[in-house]
Amino acid sequence: MKLGVCYYPEHWPEAQWAQDASAMAELGLTFVRIAEFAWSRIEPDPGRYDWGWLDQAVDTLGAAGLRIVMCTPTATPPKWLIDAHPDVLAVGVDGRPRRFGSRRHYCFSSRTYRAHSQQITRAVAERYGRHPAVAAWQTDNEYGCHDTVLSYSQSAAAAFRAWLSARYVSIDDLNRGWGNVFWSQEYRSFEQIDPPIGTVTEANPAHRLDYQRFASDEVASFNREQIGILRELSPDRDILHNFMGATLSFDHFKVGADLDAASWDSYPLGFLQQGAWPEDTKLRFMRQGHPDFTALHHDLYRACGRGRWWVMEQQPGPVNWAKWNPAPLPGMVRAWTLEAFAHGAEVVSYFRWRQAPFAQEQMHAGLHTPDGARAAAWDEAAAAVKALHALADKRAAGTCLDMRPAPVALVFDYAAHWMFDIQPQGADFDYLQLVLTFYGALRRLGLDVDMIPPGAPLTGRRLVVAPSLPVVEPSLASAFEAFEGSLVIGPRSGSKTSAFQIPDGLSPGPLRRLLPIRVAAVESLPPGWAEAGAHPVRRWLEHVEPNPNADLSVDARTAAGKPIWLNTGRVHYIAAWPDGDLLDAVLRRACGDVGLPVLDLPDHLRLRRRGDVRFALNYDAAPLDLAAHIPGIAEREFVIGDTRLGPAGVAAWIDP
Ligand code: GAL
């Protein structure tokens, strides 16, 4: 459990580096990430490399005992490259090339860019791959940031045609799969197919889904190219990528499969302001962030890194990019840091050492202000160091701090997001919000959750929750059938084939053996409308016909008699966008059936176990008493804090 920081030597006079480096080490930081946007300084002119300054920076940081996370600078192709090869640029949905002057302006499918990305990766890796101070790598920076996965360039169109022809082989199969007989959309060859933009009304959803799958694969193969070079030239160093929050535009499990560890960039206050929460939620948690959003991403990226993950960028104060940018509650930066460790992080690295006085992010806080004075977050990082020492002492004395599989698994499906995004049917049917609704309900019960991709083994789990799985592969249906714990399945599951068609016999398709129902119709409900009943239904309601001969009970209905909670005992189906009370009732029953103990936590208190230590985090601006919520807590041995949690307070106790 180590701390780190993001540092930009190229932003500061060389004379300052040694002092910065020793201050980092004194603060107790271990890692320093550098160079992810430094291409124009590394290769100022085509083929002319200027290593002097970076050699100096690497040596200076290394001499202070810091371990360097070196980056490939490919998120910022320099001006000379763009001018020489305009085909490097991504093309927007308006059909126009994106312009130079910020970052991430490249197209993943540009063959020219692939070649240059490999070339600069090789150059940096040859130079630093075996440097003793270089401990790890970050590929590129935040794939997908600023909406950059989908590009509609000519290179992308050509690569898409090749991808389609490999997938379908025969154009007739593609026409059938996409349903191209509709509106005379039939093609006679793969060469005739363009990216799905510029159409008069909506493009064919199957066409869009395949474009999304193709683009996601392009991200993975771009990343894989860099990884191949780094593995060759920098053996025994971990390779990471820093994923973003609330970004589902490519399959992070696929990219993660090639990495040694995942990482993500956690900006709880920025994400809260940018998110779709009600205004009162945004005000209530304005200085803390949403109590489940950050943790959900910790759990998701732990899964993407197959157990290994970092926070590569941790918000230290106000950011610059949200609509409003408040300051964190005093103590919150420390709390976020410890929360990440509670969820199994190996490293938490602050963004950034010193606030830049220039350019786009001059209003973004760091651990220091632009004049070099300590900013508010500095003390919090120092406080986090202390707490980590307390944990390290316990570990040295034999307390286990290794992550264990959680009893609850939540199946997270990137393709579900793509499908609901392409064909929402109700404007507010948002996959991530649906997942967050399930995840938050589980955490209010005090449960730890592991995210898993569709198809991951279910052995050892006691409860498996699938908020929605529109496409259920037969193998997944069989795994669900073989699973012996409780299963909770959300709306629209089994509602589509992988070709984006309605399955034979209607929804829930391949899940019918498990769930003997037929979803005869669905409706989405505009904001302001609630379908009356003990559990009022908003957003989404399915008209379900249970098989009258099956052993199935209906445990909740709308006032008009529509079943919204059906169960076979072991398997529960929620045929609506779940309201809080309904979901709570379903999950309590599902947990009770498998003997999983639950709590009843307020919306601002969250727990997480790491090995033998359980952490509690107070997301409220008022103090709270753990004894009011956790039976027997007073008798526990505390490693951090005690039963009284101040605002943004963290406690950790031994709970083997
Ligand atoms: C991240 C990005 C950083 C910086 C930061 C500001 O998305 O990786 O380079 O822009 O946001 O919050």
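What you see is a predicted model; the values in this text were computed from it and never measured.

Conventions and cut-offs
Residues numbered from 1 in each chain as written. Predicted model: local features only at pLDDT ≥ 70, side-chain atom pairs only at ≥ 80, totals over all residues. Heavy atoms only, no water. Helix = DSSP H or I, 4+ residues; strand = E, 2+ residues; numbered from the N terminus. Buried < 20%, exposed > 50% of the residue type's maximum accessible area, 1.4 Å probe, protein only. Contact = heavy atoms within 4.5 Å. Domains from an automatic or database assignment. Buried area = accessible area lost by both parts, 1.4 Å probe. Salt bridge = Lys/Arg side-chain N within 4 Å of Asp/Glu carboxyl O. Polar contact = N/O pair within 3.5 Å; in protein donor to acceptor, adjacent residues only side chain to side chain. Nonpolar A, V, L, I, M, F, W, Y, C, P; charged D, E, K, R; others polar. Near = heavy atom within 4 Å. Areas by Shrake-Rupley, 256 points an atom, 1.4 Å probe, with all protein chains shown as cover. Pairing = 2+ DSSP bridges. Axes fitted to C-alpha atoms, helices over the stretch in contact; angles between N-to-C directions. Core = buried A, V, L, I, M, F, W, Y, C linked by side-chain atoms within 4.5 Å. Parallel < 35°, antiparallel > 145°, perpendicular 65-115°, else oblique. Left-handed = near helix turned anticlockwise from the far one by under 90°. Expected span 1.5 Å × (residues − 1).

So, about the side chain of H368. When you line up the elements, H368 lands in the loop between β9 (347-350) and α14 (376-396). Residue H368 is classed as buried on the basis of its relative accessible area of 6%. Ignoring anything within four residues of it in the chain, the contact list for H368 reads W353, R354, Q355, A373, R374, A375 and W378.

Attention now goes to the domain arrangement of the protein chain. Parsing the protein chain into structural domains produces domain 1 (2-148 + 219-396), domain 2 (408-593) and domain 3 (605-654). Computed over C-alpha atoms only, the centres of domain 1 and domain 2 are separated by 36 Å. Counting from both sides, the interface comprises 24 residues of domain 1 and, opposite them, 17 residues of domain 2. Summed over both sides, the interface between domain 1 and domain 2 buries roughly 1,600 Å², with carbon and sulfur atoms accounting for 69% of that surface. Connecting domain 1 to domain 2 are two salt bridges. Summed over the shared surface of domain 1 and domain 2, the number is eight residue pairs in polar contact (both at pLDDT 80 or more). The set of elements that each furnish at least two residues to the side of domain 1 that touches domain 2 consists of α9 (252-257) and α12 (293-304). Per-element tally for the side of domain 1 that touches domain 2: the top contributor is α12, with nine residues. Here the residues of the side of domain 1 that touches domain 2 are counted per class, giving 14 nonpolar, five polar and five charged.

The environment of the ligand is made up of F37, R103, N141, E142, D265, Y267, E313, W321, F351, E361 and H364. A distance of 3.5 Å is found between an oxygen atom of the ligand and a side-chain nitrogen or oxygen belonging to D265. In this structure, E313 approaches the ligand through a side-chain N or O atom, which is 2.8 Å from an oxygen atom. If the ligand stood free it would expose 310 Å²; the protein chains cover 95% of that surface. A per-class count over the shell around the ligand returns four nonpolar, two polar and five charged.

In spatial order, the strands read β19-β20-β24-β22; together these four strands make up an open sheet with antiparallel pairing. Both edges of this open sheet fall to β19 (605-610) and β22 (638-640), since each of them pairs with a single strand only. The sheet shows a mean angle of 25° between the axes of neighbouring strands, direction not considered. Direction of pairing for β19 relative to strand β20 (residues 613-618): antiparallel, over a ladder of six bridges. When the bridges of β20 are listed, R606 appears paired with L617. Sheet strands in contact with α14 are β19, β20, β22 and β24 (650-654), and its direction is about 140° off that of β22.

With that settled, the discussion passes to the nonpolar core. Core analysis: the biggest nonpolar cluster contains 175 residues, and I34, L54, M70 and F412 have the highest contact counts within it. The dominant element in this core, judged by the number of residues it contributes, is helix α8 (residues 205-233), at 12 residues. Counting residues in each nonpolar core, the second largest holds 26 residues, with L469, A477, I517 and Y573 among its members.

In this section: the packing of helix α1 (residues 14-27) against helix α3 (residues 52-63). At a minimum axis separation of 9 Å, α1 and α3 run at an interaxial angle of 25°. The angle between the axes of α1 and α3 places the two elements in the roughly parallel class. In this structure, α1 meets α3 at a crossing whose hand is right-handed. Across the interface between the two elements, E14, W17, A18, A21 and M24 from α1 touch W53, Q56, A57, T60 and L61 from α3.

What follows covers α8. Relative to the 42 Å expected for 29 residues at 1.5 Å per residue, α8 spans 43 Å between its end C-alpha atoms, a close match to the ideal helical length. The element α8 is largely enclosed, with a buried count of 22 among its 29 residues. The N-capping residue of α8, defined by a side-chain oxygen 2.9 Å from the backbone nitrogen of A206, is N204.

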